[in-house]
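The residues making up each chain are set out below.
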Amino acid sequence: MTTPPPTNADSSTTAPGAVRGGGGAWQQANALAAAADWPAAAACYARIAAATPDDAAAWIGLAKARGRNGEYRAMHAATLRAAAAGPRTWPHALALARLLRDLHETRALDALATALAARAHEAATDDMVALADLLGGEDLHRAALEWLDRANARDRAHAPAAYLRGGTRLFLGDMPGARRDLERAIALAPHFAHAHRRLSQLRATDRDGAAARVERLLQERSRVAPGSEHDIHFSHALFDELHDLGEHEAAWQALTRGAAARRAGLRYDAADDARLFEAIRARCDGAFVSGPGHHHAAGAPRPLFIVGMFRSGTTLLERMLGGHASIAEGGESMGFAAALRHAVDHRARGVIDLETLRRTGGVDWPALGAAFIAGNAWRAQGRAWWTEKLPTNALLLGLVARALPDARFVHAWRPPMDVCFSNLRMLYGGFAPWSYEQQELAAWHRGHAALMAHWRAVLGERLLDVAHADLVRAPEHELRRVLAHCGLAFAPGVLQPQRAGGAVATASAAQVRDGIRAPRRPDWWPYRAHLGPLAAGLGIQLD
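Throughout, a residue's number is its position along its own chain's written sequence, starting from 1. Only residues with pLDDT of at least 70 get local features here, since the model is predicted, and only at 80 or more are side-chain atom pairs given and counted; chain-wide, interface and lining totals rely on the full set of residues. Think of the side-chain values as coming from all heavy atoms in the structure, minus any hydrogens and water.

A.B. asks: Please set out the packing of aromatic side chains residue by residue, giving values where relevant.
C.D. replies: Here a pair means two rings of Phe, Tyr or Trp (six-membered ring of Trp) with centres within 6.5 Å. Their orientation is stacked below 30 degrees between planes, edge-to-face above 60, and tilted elsewhere. The tally for this structure, following the rule as stated, stands at 19 aromatic pairs. An angle of 65° between the planes, with centres 6.0 Å apart, marks the rings of Trp26 and Tyr45 as edge-to-face. A residue pair is termed long-range when its members are at least 10 positions apart, and Trp26 in helix H2 (residues 24-34) and Tyr45 in helix H3 (residues 38-51) qualify at 19 residues. Throughout this description, buried means an accessible area under 20% of the type-specific maximum (1.4 Å probe, protein chains only), exposed means over 50%, and partly exposed covers the range between. Here Trp26 falls in the buried class, since its relative accessible area comes to 5%. Site record: aromatic cluster; members linked through ring pairs are Phe277, Phe310, Tyr428, Phe431, Trp434 and Trp444. Consider the ring centre and the ring normal. A charge sits over the ring if Lys NZ or Arg CZ is within 6 Å of that centre and within 35 degrees of that normal. Here the basic side chain of Arg150 rests over the ring of Trp147, its NZ or CZ set 4.3 Å away from the ring centre. Residue placement shows Arg402 over the ring face of Phe288; its charged tip is 5.1 Å from the ring centre. Only DSSP runs of H or I covering at least 4 residues are called helices, and only runs of E covering at least 2 are called strands; the numbering of each starts at the N terminus.

Take a look at the structure:
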């Protein structure tokens, strides 16, 4: 969850006087970084770090330069050296926190935040909010809430703090508290479209207030520039509210306005994804997947990878499984993708790209599997299994299966029109650029479906398909299947996804707390006259 108003600038290496009183080496390193001469800047920062190894700022500068120069492993190593040294100023602490978040070093980020608590009095409110935002991005929501509580106590008029606190409380299941914080953020900054959009996720808990919220959204949207970030968030919030009110034509106009504006701001070519899908299938054939990997030690926890398209039911399935005493909810971690990046010394924009695939020829697969387990088994919290519920891990299943022969996989799915429309109505960041235009959305679904068919053929019994419709119609039957897939006995607690505790930081954060919902008419049905391109792309004839 990212708050749009600016917090502290990343000034990690531009103020050497804050470290050791300045010096020519620092001036040279910073000048080279400003000129984007990353190899030379890295060499200069490396000399400073070698001379002052207890200086976190030098390691931070080196990590940033290595990263900009495409040296992922070296960036990772320098970041961990910075964490070990410990930042001396809040600007450096935030710069280090950003690096740790970027590298998905969740435990190190948590440790940094814990250490900084003793210096909270030195932090500006913006600093606290920025740190909380980074913690939330790694699903450290309890830690994020502690910092947002500090920020709130410091400054009740800080709208971004109220917004982030509201979202964090929503993820943790405190719906009344979330509503109070979000309404306060809006009262402080009525134009704060992100807060309005987040509040719309709580609409089911206040049906009577829907008309007033719609009027407020329309008024505020009229004050912002068409096509702007604020306009996009207002429009998507309006769609959700109007859809629930049954005002479908007005809802559709709001959705198409927001989606078109979001798509216009993205650089995306569906042909690139088509090539990636094809390359993944070619690389990860049966012979490749059956090669040697890392087997888990006796008694060690094992990962269960839950994949699918966004909005396919993965959150509900994970929430239900978390009710079992032998399964911990690991959330949407980038754990395997981060381990893969380290193994190939390359960072893909998403979880994988063509260059990553090209470099897999040199990967030590048992070592990669061992590194993933070493870095992520803590998520099991002492239980036998933990879930890895990043939907886009679907792109990585062949690589995961090779590195981790003992891992198991579950694929959640919904009918094409259902899942695609559910994606079309969502407002994502840049990680789902295919979701805003009907033909591109259909193309992504075709690619995903073909890839999952390939994984079924390659992985065999290691992959289990679970239909969302079956999960809500016959939850006990489906959960017995999933638990048997993991060698576990059934436990009644898996039928209580509405239980208290835990965190849910997806678009289903509010919905999943309501428990298992009975099947109903698809949400896309009232808009079928507008969905011809999507249906055609999916090969579906609408009546």
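So, next bit.
A.B. asks: Tell me about the pattern of salt bridges, residues and numbers included.
C.D. replies: Each salt bridge in this description consists of a side-chain nitrogen of Lys or Arg and a carboxyl oxygen of Asp or Glu lying within 4 Å of one another. For the structure shown, the criterion picks out 33 salt bridges. Glu122 is the partner of Arg119 in a salt bridge, and the nearest nitrogen-oxygen pair spans 3.4 Å. Arg119 gets classed as buried once you look at its relative accessible area, which sits at 19%. On the basis of relative accessibility, which here comes to 45%, the residue Glu122 falls in the partly exposed class.

A.B. asks: Quick rundown of the packing of helix H12 (residues 193-200) against helix H14 (residues 229-245)? Include the residues and the values.
C.D. replies: H14 packs onto H12 with a crossing angle of 20° between their chain directions and a minimal axis gap of 8 Å. One way to sum up the angle between H12 and H14 is to call them roughly parallel. Crossing of H12 against H14: the hand is left-handed. Across the interface between the two elements, Ala193, His194, His196, Arg197 and Ser200 of H12 pack against Glu229, His230, His233, Phe234, His236, Ala237, Asp240 and Glu241 of H14. Charged means Asp, Glu, Lys or Arg here, nonpolar means Ala, Val, Leu, Ile, Met, Phe, Trp, Tyr, Cys or Pro, and polar covers whatever is left, Gly included. Classifying every residue of the contact of H12 with H14 gives three nonpolar, six polar and four charged. For helices, the fitted axis covers only the stretch in contact; all axes are lines through C-alpha atoms, and the angles between them, taken along N-to-C directions, range from 0 to 180 degrees. Angle categories: roughly parallel below 35 degrees, roughly antiparallel above 145, roughly perpendicular from 65 to 115, and oblique for all the rest. Each helix crossing is assigned a hand: it is left-handed if the near helix lies turned anticlockwise from the far helix by less than a right angle, otherwise right-handed if that turn is clockwise. Here, two residues are considered to be in contact whenever any of their heavy atoms come within 4.5 Å of each other.

A.B. asks: Break down the packing of helix H8 (residues 125-137) against helix H9 (residues 141-154) for me, with residues and values.
C.D. replies: Each pair of packed helices can be summarised by the angle the axes make with each other and by the distance between the axes. Viewed as axis vectors pointing N to C, H8 and H9 meet at an angle of 165°, and their least axial separation amounts to 8 Å. When the interaxial angle is binned, H8 and H9 end up roughly antiparallel. The handedness of the crossing between H8 and H9 is left-handed. Contacts between H8 and H9 pair Thr125, Met128, Val129, Leu131, Ala132, Leu135 and Gly136 from the former with His141, Ala143, Ala144, Trp147, Leu148, Arg150, Ala151 and Arg154 from the latter. Looking at side-chain class alone, the contact of H8 with H9 contains ten nonpolar, three polar and two charged residues.

A.B. asks: Explain the nonpolar core to me, and be specific about the residues and the numbers.
C.D. replies: Counting residues in hydrophobic clusters, the biggest one holds 83 residues, and the most contacted among them are Phe336 and Leu531. Once residues within four sequence positions are removed from consideration, Leu531 is found in contact with Trp252, Met417, Phe421, Leu424, Gln438, Trp524 and Leu542. If you look at the next biggest cluster of nonpolar residues, it comprises 68 residues, including Tyr45, Ile60, Ala144 and Ala161. Here, the term nonpolar core denotes a set of buried Ala, Val, Leu, Ile, Met, Phe, Trp, Tyr and Cys residues that are joined through side-chain atoms within 4.5 Å.

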